[in-house]
Amino acid sequence: MAEPTEDMTPFEAVNFFFHEAADQLRMPDATRDVLSGTYREIRVQVPLRMDDGAIRTLYGYRVQHNGARGPYKGGVRYHPHADLDEVRALASLMTWKTAIVDVPFGGAKGGVQVDPYELSSAELERLTRRYVAQISYIIGTYRDIPAPDMGTNAQTMAWMMDAYGQRAGHSPGIVTGKPVALGGSLGREAATGRGCIIVATEAVRDLGKDPDDLTLAIQGFGNVGSWAARIAKADGYNIVAVSDVHGAIYDPRGLRIPDLLDHVAETGTVADYPDAERIDDDAILELDVDVLLPAALGGVITKSNADRVKASVIVEGANHPVTPLADHMLADRGVTIVPDLLANAGGVTVSYFEWTQNIQQFHWEEDEVNAELRKRLIKAYQVVRDYARTHDTTLRRAAFILAAERVAESANLRGYL
Ligand code: GLU
């Protein structure tokens, strides 16, 4: 395998990690070709009537990466950077993620290239209904099941379910991450952030440390970051810095999270929180903390800043926040990286629970959801950790090797390889 370069696109970067795993597995070329490509990609035009009557022409995507292990599964992102390559990268990560937590899904992702914060609620609803109409031919409760991601939420899923149901009849299992009142699962909203902290704590305990003695910085205070903050605080971590798109704040004595959450509910941002020091946006990645949780965009830790990262544990709440080159630099320095495949898999795990509740027309209690989530993530973490220890490799390599092996096995058994 060639050395990674810093100009790799997001999909090339994910495939770099896949090829490292495939090398290790001595995977035949035919299998590699199938697993490093995507099964189906659609690009749809989404003309959007704005509230003032003007029409904006937007473009959306749905990429199905691999379905050997079950229906395609993955979120839909509304973001200006959600282009085809990014959506491919995220779809392929879903294939490996669902395999590593062993839920019976394949991998997919969708995106609309737009800044959702510039749109009114009525515009977002029209956009969502139009996008669903355009992709409705390839999604389905047993085909491909969307979910929330950056820029989308439970309300978006409610519109998607309704738009799909207008043609297909009541179909709660068509999306996950729905509002509880429409068949969503208790515990789903918190699940990704909760999962980050569950696996983070397993990893720090393996290093002989205790959350009570550790400082934590969180980049991103959306669904993942803000839930991770709540749960980390309850589990004893000292959260000293957080950031969002408007700015970063730092208090070496520890932020008062409930108070900060109130402030965010009122103002929409952490940036002007009065009881902390304002720091440069990128400085949050370089603070002298024990644990760093990037929970925003991909590609934030690169060759240019990896040397300045001081945390000894990085927990990838975001998808692909560390470039392959930075990954190697950090691994050489002995930094433990809990990879996205494990760290942010709590969301799709509870999506699986939601989907099973929908198709059984049954409802679980929140405690049950949280206990099942914990059980599954800890098991997945332990399998990856044991492999990494036995083969003297990183958690990321171990996770990619195990995931690629499982997907290849299913693909082979189906007979298309
Ligand atoms: N968008 C989330 C992710 O990246 C959740 C996907 C899902 O629940 O299907 O894992």
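Residues numbered from 1 in each chain as written. Predicted model: local features only at pLDDT ≥ 70, side-chain atom pairs only at ≥ 80, totals over all residues. Heavy atoms only, no water.

Here we take up the sheet that holds strand β1 (residues 40–49). Sheet architecture is open: 5 strands sit in the order β1-β2-β4-β3-β5, paired in mixed fashion. Bordering the open sheet on either side are β1 and β5 (144–148), each of which pairs with just one other strand. With direction set aside, neighbouring strand axes in the sheet form an average angle of 20°. As defined by bridge partners, strand β3 (residues 72–78) adjoins β5 across 5 bridges and the pair is classed as parallel. Across the sheet, Val-76 pairs through a bridge with Pro-148, a residue of β5. (Pairing = 2+ DSSP bridges. Helix = DSSP H or I, 4+ residues; strand = E, 2+ residues; numbered from the N terminus. Axes fitted to C-alpha atoms, helices over the stretch in contact; angles between N-to-C directions.)

With that out of the way, let us pick up the environment of Ser-171. Relative to the assigned elements, Ser-171 resides in the loop between α5 (154–168) and α6 (188–206). Between the alpha carbons of Ser-171 and Glu-202 there is a distance of 37 Å; along the sequence they are 31 residues apart. Apart from the residues within four sequence positions on either side, Ser-171 is in contact with Thr-141, Met-161 and Tyr-164. Only 2.5 Å separates the side chain of Ser-171 from the backbone oxygen of Gly-169, close enough to count as a polar contact. (Contact = heavy atoms within 4.5 Å. Polar contact = N/O pair within 3.5 Å; in protein donor to acceptor, adjacent residues only side chain to side chain.)

Here the focus is the side chain of Thr-141. With respect to the element layout, Thr-141 can be found in the loop between α4 (121–135) and β5. Once residues within four sequence positions are removed from consideration, Thr-141 is found in contact with Ser-171, Gly-173, Ile-174, Trp-355 and Ile-359.

Now for the site of the ligand. Near the ligand lie 14 residues; those nearest to it are Lys-73, Lys-97, Lys-109, Asp-149 and Ser-351. Contacts to the ligand include Asp-149, whose side-chain N or O atom sits 2.7 Å from a nitrogen atom. Here an oxygen atom of the ligand sits 2.6 Å away from a polar atom, N or O, in the side chain of Ser-351. Among the secondary structure elements, those contributing two or more residues to the shell around the ligand are β3, α3 (84–100), β5 and α11 (346–360). Class assignment for the residues of the shell around the ligand results in 4 nonpolar, 5 polar and 5 charged. (Near = heavy atom within 4 Å. Nonpolar A, V, L, I, M, F, W, Y, C, P; charged D, E, K, R; others polar.)

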